[in-house]
Amino acid sequence: MSDAPKLFAPAQGRSPYATPLTPRRRGLIIGASTGLGAALAQKLAGQETSLALVARSKDKLDALCRQINANGGYALAYQHDVCNYDEVPALLRKIVADLGGLDFVIYAAGINLPPGGMDKYNFENDRKMIEVNLIGAMAWLTPIAEMFQSAGAGQIVGISSVAGDRGRVGNPGYNTSKAGLTTYLEALRNRLTRRGVNVLTVKPGFMKTEMLKAAQGVPFFVIEPERAAEDILRAMQKRKQTIYTLSIWRWIMLIIRHIPSFIFRRLSF
Amino acid sequence: MNLTTRFAQLENFGHSLKATCYRIKIEKTEDLHEVFQLARQSGLTVTARGTGISYNDVSLNGGGIVLDMSGMNQILEWDPASGVVRCEAGVTLEDLWKRVEPDGWWPPVVSGTMKTTLGGCLAANIHGKNNFQVGTIGEHVTEFTALLPTGALVTCSPKKNADLFYAMISGLGMLGIFTTITLKMKRIHSGLISVDAWHVPTLRRHLGDLLEHAPRYDYIVGWLDTLATGNSLGRGQIHAANNLKEGEDPNARETMKLSYQHLPDRLFGVMPKSLLHYFMNPFLNNAGVRLINTAKYAASLRRHTFRESHAEFHFLLDYVPDWERSFGRGGLIQYQSFLPKETAADAWREMIQLSHRRGLPAYLGVTKRHRPDNFLLSHAVDGFSLAMDFKVTDRNRAPLRNLLLEFDRIVLNAGGRFYFAKNSETSPETARAFLGEETIAKFKKLKKRCDPHGLLESDLYRRVFGS
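Quantities reported herein were computed from a predicted structural model and do not represent experimental measurements.

Okay, the overall build of chain A next. Along its length, chain A carries eight helices and seven strands. Expected size for 269 residues packed as a compact globule is a radius of gyration near 18 Å; at 18 Å, chain A falls within 12% of this value. Principal-axis analysis of the C-alpha atoms gives chain A an extent of 60 × 40 × 30 Å. Relative to its full complement of 269 residues, chain A shows a buried share of 46%. Partitioning the contacts of chain A with sequence separation of at least 6, the portion at a separation of at least 24 is 70%.

So, in structure tokens, the structure goes:
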């Protein structure tokens, strides 16, 4: 490992231990420092959950952890770039040991680097998006899927996007990375459901995060990431398979998925 | 070794606690060496687990390695002339009694289930219904070998490495891993045991009879109706038993056969007992248990004496397979307190009344008579124990926890102790209070010596001794 993960002691000194009368879940969020990942961390921290938070940006991660621990939650911070695939196995082992087990994982790391116009191309950006949004997810979820499969328990949540439902003119690389992630999660679901593991694919529409800047056109149905986090936690509790947030995106995307190609290729969104 | 594919979700006996760990099956002592090496390299901690039927987190190690010791299950030497047996640590009491009983011997101390492994029995230093007569299982161990995390294989007996002997037995597997255990069995002259059963109408009579009658018996155990109130509080039934002397059983040859010790697997010869727990489930609520307890108490009013097989008398917990499943999704926990004979009645009256006031009665109460022992992390007192089973539900967790914290306070004020095989909510402060700073310091000093890198850790150890 290039960078040893930085650990924080919980605010109240002793780490909270699970007993039959004070059960705790243990969760890992990758891409936790901002946006939806951070919103999920904050919400989960109040629900008897010990959290390992992984992100590239050390300062934001530290601040988030400090805030959670000050409010009586329990979060450990690990600085890591999801493109450093080789770091994953050792870091995962350390996280599982530090948390005292692992019950669920949320892969929320994602970037959106549009090429800057429907007649522009940018392989560097496309490659970066595939590396973070898709290969990073595969690097983390491969050992986790294997562990959960072996344990016959666990929950995997992948933050994909409505953008993965069709290939559109604005951002081919992003569409591809999210389509790949959706398909990968579906395949994991088909493998793991029979082994007692729940795989939830989350497809957010527009959210008020950094990424909104990358949106083409005028965004609509924009929600706060906290709202999306609430939807996701509810879906996790119900062990759902796929959710859209807001849920109206399910119907919007149903229509968009059924636009015939001869029309779709004439549209400019 | 690929740890990823060894990830497992393990539970306590009561299905009320889950932990995800890396489970590694151990078949020989060399495997232990390998695991210690792996643990050192990967920065993981290690806990041994036998059949995993402790009520708490003593054999769980969330995020770390759990040694599945069930593969070390060879009875290495058995001498029917002297009654001395040498076993691997994963041998269960079931393996053991089935081997020695036909030769006229019985394990000196057994738990209420035969599924426990000897390694686990020693780590918790278990007691039986004969604790007041013969002490804990540790007092019948003549020698054991254990592998320390340093890589040293030590042999311990009351004479040799005595400090380790008295600390590793009761040491919760935190000083080393038992590899072989040598035990002295107890002579029996029949496959049957003679049982007297009588009722006790009050708590005072209950404890008075345990105290007064114990000296005349080899075994004594009480059932306590945890829902009875008022003058009847603490009522129950006592079962006391004696081994038959030579000649008392005319059919000894027949009753000593293994087939005679078989626990029937069907109820009334028809219903498979494996299904029974489904039918028990609807009764496991306050009203249902009150009904059952009242009926059970009424049935106990007639004093009677009978003979039954050793297996039937000792292994009540195995009588209904998977009975703990009848407690439902949240599972169960057990709270066992050990109190001096002088303070027990008042403390337990206060605790039982408190549980009634909170609407959180225990569903099963079991009493025993105890005497102190010389082991380091001892739970024993000259007095009694009361084990209470509580059903856990999503709604009662927080109030039940508060109740148990108050129980701890009552027990400590009454000079009581606790047992690490049972209670799941014991705090570090409570442990310090009943064990004493000196004992804990001694334990930690030995730990430092046996396990300088802190490889052996369980969830219980971190929870109770970690800070």
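A few words on the overall build of chain B. Regarding its fold elements, chain B presents 15 helices and 21 strands. A compact globule built from 467 residues should have a C-alpha radius of gyration of about 23 Å, and chain B, at 22 Å, falls within 12% of that. With respect to the principal axes defined by its C-alpha atoms, chain B has extents near 60 × 55 × 45 Å. Out of the 467 residues in chain B, the part that is buried amounts to 51%. Counting only contacts in chain B whose residues sit at least 6 apart along the sequence, the fraction spanning at least 24 positions is 73%.

Next up on the list: the domain arrangement of chain B. Residues and elements named next belong to chain B. The assigned domain composition of chain B is domain 1 (4–70 + 446–465), domain 2 (71–187) and domain 3 (192–429). On a C-alpha basis, the centres of domain 1 and domain 2 stand 20 Å from each other. The interface is formed by 28 residues belonging to domain 1 together with 26 residues belonging to domain 2. Listing elements by their share of the side of domain 1 that touches domain 2, those giving two or more residues are helix H1 (29–42), strand S3 (46–49), strand S4 (65–68), helix H14 (437–450) and helix H15 (459–465). Broken down by element, the residue count for the side of domain 1 that touches domain 2 peaks at four residues, all from H1.

Another aspect to go through is the packing of helix H4 (residues 123–151) of chain A against helix H5 (residues 172–192) of chain A. Residues and elements named next belong to chain A. Look at H4 against H5: their axes get within 8 Å of each other, and the N-to-C directions meet at 10°. In terms of their interaxial angle, H4 and H5 are classed as roughly parallel. Each of Asn-125, Asp-126, Met-129, Ile-130, Asn-133, Leu-134, Ala-137, Met-138, Leu-141, Ala-145, Phe-148 and Gln-149 in H4 lies in contact with H5, whose residues at this interface are Gly-173, Tyr-174, Thr-176, Ser-177, Lys-178, Gly-180, Leu-181, Tyr-184, Leu-188 and Leu-192. The residue makeup of the contact of H4 with H5, split by class, is 13 nonpolar, seven polar and two charged.

For the rest of this paragraph, the subject is the nonpolar core. All names here are of chain A. Ile-29, Ala-32, Ala-41 and Leu-53 are the most contacted members of the largest nonpolar core, which has 213 residues in total. Looking at which element gives the most residues to this core, the answer is H4, with twelve residues. Non-local contacts of Ala-32, meaning those with residues more than four positions away in its chain, are made with Gly-37, Ala-38, Ala-41, Leu-53, Val-54, Ala-55, Leu-61, Leu-64 and Ala-108.

So, on to the sheet that holds strand S1 (residues 25–30) of chain A. All names here are of chain A. Across the sheet, seven strands lie side by side as S3-S2-S1-S4-S5-S6-S7; this open sheet has parallel pairing. With partners counted over all chains shown, the strands left at the sheet margins are strand S3 (74–79) and strand S7 (242–245), one partner each. When the angles between neighbouring strand axes are averaged without regard to direction, this sheet yields 15°. Docked against the sheet, helix H1 (residues 35–45) engages S1, strand S2 (49–55), S3, strand S4 (104–107), strand S5 (155–159) and strand S6 (198–204), running at close to 165° with respect to S2.

The subject of this paragraph is the environment of Gly-14 of chain B. Along the chain, Gly-14 of chain B falls in the loop between strand S1 (7–11) and strand S2 (18–25). For Gly-14 of chain B, a count of 24 C-beta atoms within 10 Å translates into the label buried. When the C-alpha atoms of Gly-14 of chain B and Lys-391 of chain B are compared, they prove to be 9.2 Å apart, with 377 residues separating the residues in sequence. Every residue in contact with Gly-14 of chain B, bar those within four places of it in the chain, is listed here: Pro-20 of chain A together with Tyr-55, Glu-324, Gly-331, Leu-332 and Ile-333 of chain B.

So, on to the interface of chain B and chain A. The interface of chain B with chain A comprises 30 residues on the first partner and 23 residues on the second. Residue assignment for the side of chain B that touches chain A shows that the elements contributing at least two residues are S1, S2, helix H12 (397–413) and H15 of chain B. The residue makeup of the side of chain B that touches chain A, split by class, is nine nonpolar, 14 polar and seven charged.

Quick look at the packing of helix H6 (residues 203–213) of chain B against helix H11 (residues 344–357) of chain B now. Residue and element names in this part refer to chain B. It is the contact of H6 with H11, at a shortest axis distance of 10 Å, that shows an interaxial angle of 140°. Looking at the two axes, H6 sits oblique to H11. As for the relative orientation of H6 and H11, their crossing is right-handed in sense. Where H6 approaches H11, its residues Leu-203, Arg-204 and Leu-207 are matched on the opposing element by Ala-344, Ala-345, Trp-348 and Arg-349. Partitioning the contact of H6 with H11 into residue classes produces five nonpolar, no polar and two charged.

This part is about the confidence of the model for chain A. Scored by pLDDT, chain A has a mean of 92; 94% of the residues are at 70 or more. For residues 1–14 of chain A, every residue scores under 50 in pLDDT, and the model assigns this stretch 25 contacts once sequence neighbours within four places are set aside.

For the rest of this paragraph, the subject is unusual backbone geometry. For the bond running from Thr-245 of chain A to Leu-246 of chain A, omega is -5°, close enough to zero to count as cis. Following the sequence through the fold, Leu-246 of chain A ends up in the loop between S7 and helix H7 (248–257). For Arg-239 of chain A, which is not a glycine, the phi torsion comes out positive at approximately 50°. Relative to the helices and strands, Arg-239 of chain A is located in the loop between helix H6 (225–237) and S7. Non-glycine residue Leu-172 of chain B carries a positive phi angle of around 60°. Among the secondary structure elements, Leu-172 of chain B is positioned in the loop between helix H5 (162–168) and strand S10 (177–184). Judged by local crowding, Leu-172 of chain B falls into the buried class, with 25 C-beta atoms found within 10 Å.

Taking strand neighbours across the sheet as the criterion, the four strands line up as S1-S2-S4-S3 (chain B) in an open arrangement whose pairing is mixed. Where the open sheet ends on each side, the last strands, each with one partner, are S1 and S3 of chain B. Strand after strand, the sheet turns through a mean of 50° between neighbouring axes, direction not considered. Strands S1 and S2 of chain B of the sheet are contacted by H4 of chain A, whose axis makes an angle of about 40° with S1 of chain B.

What follows is about H6 of chain A. All names here are of chain A. When the terminal C-alpha atoms of H6 are compared, their 18 Å separation across 13 residues agrees well with the 18 Å that a helix rising 1.5 Å per residue should span. Among all positions of H6, only Pro-225, Ala-228, Ala-229, Ile-232 and Met-236 are buried. Summarising the axial view, the buried residues of H6 lie within an arc of 100°, below the 170-degree limit, and thus occupy one face. Turned more than 90 degrees away from the buried face of H6, the exposed residues are Arg-234 and Gln-237. The elements touched by buried residues of H6 are H1, S4, S5, S6 and S7. One or two positions beyond H6, positive phi appears at Arg-239, with a value near 50°.

What counts as what
- Residues numbered from 1 in each chain as written.
- Chains lettered and ligands numbered in written order.
- Predicted model: local features only at pLDDT ≥ 70, side-chain atom pairs only at ≥ 80, totals over all residues.
- Helix = DSSP H or I, 4+ residues; strand = E, 2+ residues; numbered from the N terminus.
- Rg over C-alpha atoms; globule rule 2.2 N^0.38 Å.
- Buried ≥ 20, exposed ≤ 12 C-beta atoms within 10 Å, placed from the backbone.
- Contact = placed C-beta atoms within 7 Å.
- Domains from an automatic or database assignment.
- Axes fitted to C-alpha atoms, helices over the stretch in contact; angles between N-to-C directions.
- Parallel < 35°, antiparallel > 145°, perpendicular 65-115°, else oblique.
- Nonpolar A, V, L, I, M, F, W, Y, C, P; charged D, E, K, R; others polar.
- Core = buried A, V, L, I, M, F, W, Y, C linked by C-beta atoms within 7 Å.
- Pairing = 2+ DSSP bridges.
- Left-handed = near helix turned anticlockwise from the far one by under 90°.
- pLDDT = per-residue confidence, 0-100.
- Expected span 1.5 Å × (residues − 1).
- Arc of directions from axis to C-beta.

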